Amino acid sequence: MNKKFSALLLALALALSLAACGGKDAPAQDGGTAPPEINAPEDGGTDSPGSGASGESAPKKDADLAAFYASLTEGEEWPVLMSLTEDETTQELLDAYYPGLSEISTRQCGVYIAAISAAVGEIALVEAENAGDAEKVKDIFQARIDYQVGDEENPGGAWYPETIEGWKDNSYIVSHGNYVMLAVGDQAASAAESFEALFA
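None of these values were measured; they are calculated from a predicted model.

A. Highlighting helix α4 (residues 131–149). Compared with the 27 Å implied by 1.5 Å per residue over 19 residues, the 27 Å span of α4 between its first and last C-alpha is a close match. Just past α4, the residue G150 takes up positive phi, approximately 80°.

This is the structure in structure tokens:
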């Protein structure tokens, strides 16, 4: 009960901070904007939005995404992240930030966003049931980046110039078979390399 109450308070605080920061609804996912230029690690193994890499090779082993997330945030300095997939109290926020994700059948799914809207930090980890769903997850992750960065007509959902630049320059989408990760923030490049290492 206490855990649910805490999660509800966090969700409420986040919703209020978004309202105070001029948060707005996420756009429809039918596209319309070109993907932003995203820096990718030099090893070439990471899918970055617009890179053309397919990431369709089957993973060599199963990966525990919850354990991976725990190890990732334990060793790196991420902003305080809150889970949108831990329980049903944050379902509304998950649907607002990642429209369509909750409708995809997944084996594992964890989405963690910065508790403070001015911080640049987000990790989303999904194991989809099949390759078609993995492609849908990648599209949803790209739509999240596009929304946060914005374009000439719509300001970025990340709102502040520094956070918009953080999303533009430090967002990575990485996939291996049915596994897909979105990492955003100063530690995102290292997170992408760690994700690659899971399947080496």
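Still more to cover.
B. Representation of the pattern of salt bridges. Counting across every chain of the model gives five salt bridges. Two residues, K136 and D133, come together in a salt bridge whose shortest N-O distance is 3.7 Å. In this pair, K136 and D133 are both assigned in helix α4, three residues apart and thus about one turn of the helix distant. Residue classification places K136 among the partly exposed residues on the basis of a relative accessible area of 47%. K138 is the salt-bridge partner of E135, the closest N and O atoms lying 3.5 Å from each other. Of the two residues, E135 and K138 are both situated in helix α4; the distance of three residues between them amounts to about one turn of the helix. Its relative accessible area of 34% is what places E135 among the partly exposed residues. It is possible to trace a salt-bridge network through shared partners that takes in R107, E127 and E129.

C. Up close: the pairing of strand β3 (residues 122–128). In terms of residue burial, β3 counts as a mostly covered element, since seven of its seven residues are buried. In β3, alternate side chains face the same way, and those of E122, A124, V126 and A128 on one face and I123, L125 and E127 on the other are all buried. Where strand β2 (residues 106–114) lies against β3, seven bridges are found, and the strand directions are antiparallel. When the bridges of β3 are listed, I113 appears paired with E122. Two strands pair when backbone bridges link them, and β3 and strand β5 (residues 179–184) are joined in this way by six bridges, in the antiparallel orientation. For I123, the partnering residue across the bridge sits in β5 and is A183.

D. Highlighting the environment of W159. Along the chain, W159 falls in the loop between α4 and α5 (161–169). Sequence separation of W159 and A118 is 41 residues, and the distance between their C-alpha atoms is 8.1 Å.

E. Quick peek at the packing of aromatic side chains. Tallied over the full model, the rule gives five aromatic pairs. When the ring of Y69 is compared with that of Y112, the centres are 3.5 Å apart and the planes differ by 10°; the resulting orientation is stacked. One end of the pair, Y69, is in helix α2 (residues 65–75); the other, Y112, is in strand β2, with 43 residues separating them in the sequence. For Y69, a relative accessible area of 13% corresponds to the buried category. Ring plane angle 50° and centroid distance 5.0 Å describe the contact between Y179 and F199, whose orientation is recorded as tilted. Of this pair, Y179 sits in strand β5 while F199 sits in the segment after α6 (188–198), and the two are 20 residues apart along the sequence. Using a relative accessible area of 2% as the deciding quantity, one classes Y179 as buried.

F. Geometry of the confidence of the model for the protein chain. Averaged over every residue, the pLDDT of the protein chain is 79; residues scoring 70 or more account for 69%. Note on residues 12–57: pLDDT is under 50 here. Beyond four places in sequence and across chains, it has 88 contacts.

Thresholds applied
- Residues numbered from 1 in each chain as written.
- Predicted model: local features only at pLDDT ≥ 70, side-chain atom pairs only at ≥ 80, totals over all residues.
- Heavy atoms only, no water.
- Helix = DSSP H or I, 4+ residues; strand = E, 2+ residues; numbered from the N terminus.
- Expected span 1.5 Å × (residues − 1).
- Salt bridge = Lys/Arg side-chain N within 4 Å of Asp/Glu carboxyl O.
- Buried < 20%, exposed > 50% of the residue type's maximum accessible area, 1.4 Å probe, protein only.
- Pairing = 2+ DSSP bridges.
- Phe/Tyr/Trp six-rings, centres within 6.5 Å; stacked < 30°, edge-to-face > 60°.
- pLDDT = per-residue confidence, 0-100.
- Contact = heavy atoms within 4.5 Å.

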